[in-house]
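# Analysis of the macromolecular model
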Amino acid sequence: MKNFGEIFFTEDVQAKQVKTGVRDKFQHVYRNRFTGPLDESMRDFTETRTTFYIASNSTSGFPYVQHRGGPAGFLKMIGGDEIGFADYHGNQQEITGGNLVADDRVSLILMDYARQTRLKIVGHMTMVAASEDADLTEKVAQDGQGPVERVARIRVIAVDWNCPKYIEQRFNRDEVSALVAPHLASRDQAIETLSARLAALGEDPKALLAQDKNP
């Protein structure tokens, strides 16, 4: 696996870094940057994502960025330095798949908005019909998704944890539920306790609530 800086700090990028006075900093930071293999922290992060963005290279000269999403676990490490996911035809524009014909290089950004963390991944991607590789299809199948139509397989060549700066904190439904569940449980316990005390005093809590709603 390559150092992330070796790929993206081109001569033009380095010249720009020199001009802005940050070249020495990035030489130091990326001198011993991660070069693999993919570790457990990356597995845990990768396999708990519900969304990511993938960029491919068009022969028009413009990069193309596409969103992919699914239930947690839909993006998987499938062995060694390879990741994969079940792919579906969607709107059938076939832009990413078409781009891979001439250039199989892709870049991914995996986001964790709640923890303000992102992981950048660079690799070579192939896409095969599910019927062509039953074992791989079984590996990427995920509860909550329909039958796998085709499989995207990415051989990772570089990764980089990105800084959390400017990542706006957001929470999905499951994360919100986990955050508020203890407070709701505490509220329900308090209501139950108060209702029991009112009942002991000869009051009907439901009747009192109805009177409050309809004074």
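Residues numbered from 1 in each chain as written. Predicted model: local features only at pLDDT ≥ 70, side-chain atom pairs only at ≥ 80, totals over all residues. Heavy atoms only, no water.

## With respect to the nonpolar core
Put simply, the rule reads: As used here, the term nonpolar core means buried Ala, Val, Leu, Ile, Met, Phe, Trp, Tyr and Cys residues forming a set that is joined through side-chain atoms within 4.5 Å. Residue exposure (1.4 Å probe, protein chains only): buried if accessible area is under 20% of the type maximum, exposed if over 50%, otherwise partly exposed. Runs of H or I in DSSP of at least four residues are treated as helices and runs of E of at least two as strands, each being numbered from the N terminus. Contacts were defined at the residue level, with two residues in contact if any of their heavy atoms lie within 4.5 Å.
Grouped together as the largest cluster of nonpolar side chains are 21 residues, with contacts concentrated most on Ile 83 and Leu 108. Of all the secondary structure elements, the ones that give two or more residues to this core are helix 4 (40-46), strand 1 (51-57), strand 3 (75-79), strand 4 (82-87), strand 5 (105-112), strand 6 (117-129) and strand 7 (150-162). Sequence-distant contacts of Leu 108, that is, excluding residues within four places in its chain, are made with Phe 52, Tyr 53, Ile 54, Ile 83, Leu 119, Lys 120, Ile 121 and Ile 154. Formed by seven residues, the second largest nonpolar core is a distinct cluster that contains Leu 136, Val 140, Val 148 and Val 151.

## Examining the pattern of salt bridges
The cut-off we apply is this: Every case where a carboxyl oxygen of Asp or Glu lies within 4 Å of a side-chain nitrogen of Lys or Arg is listed as a salt bridge.
A complete count under the given rule lists 13 salt bridges for this structure. With a closest N to O distance of 2.8 Å, Asp 87 and Arg 150 form a salt bridge. Of the two residues, Asp 87 is situated in strand 4 and Arg 150 in strand 7; the sequence distance between them amounts to 63 residues. With relative accessibility at 13%, the residue Arg 150 sits in the buried group. In this structure, the salt-bridge partner of Asp 112 is Arg 115, at a minimum N-O distance of 3.2 Å. When its relative accessible area of 57% is taken as the criterion, Arg 115 is described as exposed. A network of salt bridges, in which partner residues are shared, links Arg 49, Asp 112, Arg 115 and Glu 175.

## Considerations on the sheet that holds strand 3
The condition is simple: When DSSP finds two or more bridges between a pair of strands, those strands are recorded as paired. Helix axes are fitted only over the stretch in contact, all axes being lines through C-alpha atoms; the angle between N-to-C directions runs from 0 to 180 degrees.
The sheet built from seven strands is open, its strands ordered 2-1-5-6-7-4-3 with antiparallel pairing. Single-partner strands in this sheet number two, and they are strand 2 (63-69) and strand 3. Here the average twist between neighbouring strands, direction ignored, is 35°. Alignment of strand 3 against strand 4, held across four bridges, turns out to be antiparallel. Looking across to strand 4, one finds that Lys 76 is bridged to Gly 84. Most of the contacts of helix 5 (residues 95-102) go to strand 2, to which it runs at about 130°, and overall it touches strand 1, strand 2, strand 5 and strand 6.

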